[in-house]
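# Observations on the three-dimensional arrangement
One-letter residues, chain by chain:
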Amino acid sequence: MDWEIGDCVGCFYRPNFEQVMYPYLPAHITKPKEIKKVYMIRLPESCYFAVPSNLKLLAVPLFELYDNASRYGPLIAGLPMMLSRFQFVKA
């Protein structure tokens, strides 16, 4: 199966062993402890999500994610702002 890996949507940096991740690398840090990169991936139509029976997959609209970090966390709540620079056109 071929995956279409698109643009990098965002990078998050953890400068030390704390829980907080920043959307920028602080100036006094030369090598962060962790880097998380979020990419846009286009799935083929024949794919499906396999979710274990003890978990639940939710489809959440982007407007509910926006500015709702208390419920979804800062990385997921920031997705609408990161995706706003892209134009989505149905082919």
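The sections below set out a description of the structure shown in this document. (Residues numbered from 1 in each chain as written. Predicted model: local features only at pLDDT ≥ 70, side-chain atom pairs only at ≥ 80, totals over all residues. Heavy atoms only, no water.)

On to the pattern of salt bridges. Taken as a whole and assessed by the stated rule, the structure comprises two salt bridges. Glu 34 serves as the salt-bridge partner of Arg 14, at 2.7 Å between the closest nitrogen and oxygen. With Arg 14 in strand E1 (residues 4-14) and Glu 34 in strand E2 (residues 34-42), this pair connects stretches of sequence that are 20 residues apart. The partner of Glu 64 in a salt bridge is Arg 71, with the nearest N and O atoms 3.5 Å apart. Taking relative accessible area as the criterion, Glu 64 reaches 28% and is therefore assigned partly exposed. (Salt bridge = Lys/Arg side-chain N within 4 Å of Asp/Glu carboxyl O. Helix = DSSP H or I, 4+ residues; strand = E, 2+ residues; numbered from the N terminus. Buried < 20%, exposed > 50% of the residue type's maximum accessible area, 1.4 Å probe, protein only.)

One pass over the structure, following the stated rule, counts one aromatic pair. Ring centres of Tyr 22 and Tyr 24 lie 5.6 Å apart, and the angle between their planes is 45°; on these two criteria the pair is classed as tilted. Given a relative accessible area of 27%, Tyr 22 falls into the partly exposed group. (Phe/Tyr/Trp six-rings, centres within 6.5 Å; stacked < 30°, edge-to-face > 60°.)

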